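Okay, here's what each chain looks like letter by letter:
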Amino acid sequence: MYRRFVVVVAPLVMLSAVYACTRMGAAGVSQDGTVRSQGNSAGEIARAGTVDEGKAIFRDDTFGDEYFWSDTLELHRAIAGDKHGGVGPGLTPRQALAAGLKVDMERLDRATIEAIRGGKANLDDPATTLALLKAGAVVGVKGFYNGAGMDPTRVGITCAICHSTVNDGLTKGIGSRLDGWPNRDLNIGAVIAMAPKLTPYETALQLDAEAIRKVLKSWGPGRYDAEVNNDGKAFRPDGKTGATLLPAAFGLAGINLHTYTGWGSVPHWNAYVAVTQMHGKGTFFDPRMNNPAKYPAAQRTHSYDVRNSPDMVTPKLASLQQYQLSIVAPTPPSNSYDHAAASRGKTVFESQAKCARCHVPPLFTEPGYPMHTAEEIGIDDFQAKRSPDERYRTTPLKGLFVRMKGGFYHDGRFATLEDVVAHYDAHFKLGLTPAQKHDLVEYLKSL
Ligand code: HEC
Ligand code: HEC
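When helices and strands are tallied, the chain shows 21 helices and 12 strands. The burial tally for the chain puts 43% of its 447 residues in the buried class. At a minimum sequence separation of 6, the contacts of the chain that also span at least 24 residues come to 67%.

This part takes up unusual backbone geometry. Put simply, S309 and P310 share a cis peptide bond, and its omega is 0 degrees. Along the chain, P310 falls in the loop between β10 (305-306) and α16 (317-326). One non-glycine residue, F364, adopts positive backbone phi at about 65 degrees. In this fold, F364 is placed in the loop between α17 (339-350) and β11 (371-372).

Turning to the environment of A415, a few remarks are in order. Structurally, A415 can be placed in the loop between β12 (392-393) and α20 (417-427). Take A415: there are 12 C-beta atoms within 10 Å of it, and that puts it in the exposed class.

Our next topic: α16. Within α16, 7 of the 10 residues are buried, which leaves the element mostly enclosed by the surrounding structure. Contacts made by the buried residues of α16 are with α3 (51-60) and α14 (266-277).

A few words on the site of ligand 2. Taken together, 26 residues lie around ligand 2, and C355, C358, Y409, H410 and Y424 are the ones closest in. Secondary-structure elements contributing two or more residues to the shell around ligand 2 are α18 (374-377), β12, α20 and α21 (434-446). Ranked by residue count, the leading element in the shell around ligand 2 is α20, at 4 residues. Of the residues assigned to the shell around ligand 2, the class counts are 16 nonpolar, 5 polar and 5 charged.

Mapped onto the secondary structure, L444 falls in helix α21. Given 23 C-beta atoms within a 10 Å radius, L444 is considered buried. Expressed as a C-alpha distance, the spacing of L444 and L397, which sit 47 residues apart in the sequence, is 7.6 Å. Beyond its immediate stretch of four places on either side in the chain, L444 contacts L397, L400 and L417.

Glancing now at the site of ligand 1. Taken together, 27 residues surround ligand 1, and among them C159, C162, H258, T259 and Y260 come closest. Taken together, the elements giving at least two residues each to the shell around ligand 1 come down to α9 (160-163), α14 and α16. The dominant element in the shell around ligand 1, judged by the number of residues it contributes, is α14, at 5 residues. A breakdown of the residues in the shell around ligand 1 according to their chemical character gives 19 nonpolar, 7 polar and 1 charged.

Their axes nearest at 10 Å, the elements α20 and α21 cross at an angle of 125 degrees. Judged on the interaxial angle alone, α21 and α20 are oblique. Regarding α20 and α21, the two cross each other, and that crossing is right-handed. Facing L417, E418, V421 and D425 of α20, the residues of α21 in contact are K437, L440, V441, L444 and K445. When its residues are assigned to classes, the contact of α20 with α21 shows 5 nonpolar, no polar and 4 charged.

Another point: the packing of α14 against α16. One can describe the packing of α14 onto α16 by two numbers: an axis separation of 10 Å at closest approach and a directional angle of 120 degrees. Considering the relative orientation of α14 and α16, their crossing is right-handed. Listed contacts from α16 to V266, P267, N270 and A271 of α14 are L317, L320, Q321 and Q324. Classifying every residue of the contact of α14 with α16 gives 5 nonpolar, 3 polar and no charged.

Calculation criteria
Residues numbered from 1 in each chain as written. Chains lettered and ligands numbered in written order. Predicted model: local features only at pLDDT ≥ 70, side-chain atom pairs only at ≥ 80, totals over all residues. Helix = DSSP H or I, 4+ residues; strand = E, 2+ residues; numbered from the N terminus. Buried ≥ 20, exposed ≤ 12 C-beta atoms within 10 Å, placed from the backbone. Contact = placed C-beta atoms within 7 Å. Near = placed C-beta within 6 Å. Nonpolar A, V, L, I, M, F, W, Y, C, P; charged D, E, K, R; others polar. Axes fitted to C-alpha atoms, helices over the stretch in contact; angles between N-to-C directions. Parallel < 35°, antiparallel > 145°, perpendicular 65-115°, else oblique. Left-handed = near helix turned anticlockwise from the far one by under 90°.

Keep in mind these numbers describe shape, not what the thing actually does.
Okay, here's the thing in structure tokens:
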């Protein structure tokens, strides 16, 4: 119901808001240029994209991508298994949880919650997965149905599959949603590799299905490669995967450029992902990618200029942006770091270690153009070179404590914060004492 409302009504709402703004321009501003009254304009502007609408889109909107995941890849058939009109053994809840998929307990009825709590839910039967899917409880995976049956005719994915997790309130992997927290347990490559067909990847990368599965399985938990189907660079020169860690999608307000390599604004990247990665039906235009040497795969798929009618992405970008900007970074539990050391570490961060030169509080990235060459920060340029500006963006540091799993920097190359600090100490020749390094780490844990 909700989605239909958004798809059909949102463009109308946006038009009326634009009209209202134009009107306000005439009536709301007096001759000398001062604003007389905001009148209804604030309400009208908010209606163009509300946080609540954005939340619903972030959690449950597939942008029509089921045409890709099901009609083309047939992923729903692998999930259902041959007993439910699909292929193979099907995906049991135990396997789904092991792959890092999460279950939103707030979408489960009391009986199901009690069954799980009492150990009575059959977590080894794909039918249970289908029931969770039908309840809309598998975070970021949405089933589509013909009538009342349990077997999905299609599945699609939403932003939440990668960018939300749960608090494990009921049991590991099942709890209340935490939007914006990267799901560092999710092995999205393994999930995609389950699909019976991988033809679009074969076309983009000019590899056979077996080679594509090898690429997908090389990603590992908490990682996804958001560029490989455009540049074809599945592996780094050292043979490791080209996938990056899933980043935080909280604490983004005030930050100019997004992604590890600063591809663009939140709406730029949302359109990029919804259209070129999730394969939703929308519009995406970025002529920087119309570069055969750098993005050869994009030439094959024309992903730098995608047009779909109807456009199921563009009308949602405003709300989606507002929702993301509204998600504040979580605060670390008070007992998770040493307060006295953290307070000394703040001084080190801002003075001797010169971290605040780039990680400017309270954004912890630069206001302006927060981009640096690989050389400046003392690492290789493989990932930087895959982006239009060929630089790394200063990562905002708030809420670091929820992304301890998988390591730090875009590819997790530093396993611990101690390793990060040791890197900077050596690269910038900071000459920090062991005590200063310790305090700096405690400060980072407190952000
Ligand atoms: C399959 C996993 C996946 C899905 C689905 C996904 N993302 Fe992402 N997202 C990523 C990865 C990986 C990156 C980092 C990409 C990079 O830096 O190259 C990222 C980056 C981002 C960023 C940048 C955060 C920052 O550091 O500034 C935002 C914002 C974002 N995604 C929002 C979304 C939204 C909104 C959707 C749904 C339209 C979405 N993502 C769907 C994996 C995903
Ligand atoms: C010249 C600018 C610059 C300076 C100075 C700098 N950083 Fe960074 N920082 C970056 C960039 C750029 C990245 C992203 C690197 C990547 O993802 O590969 C980053 C990443 C990080 C990360 C990893 C965040 C994550 O989620 O992966 C941490 C932690 C960090 N910096 C802490 C510090 C500390 C502590 C200092 C001071 C000792 C410091 N930085 C000094 C630019 C800087």
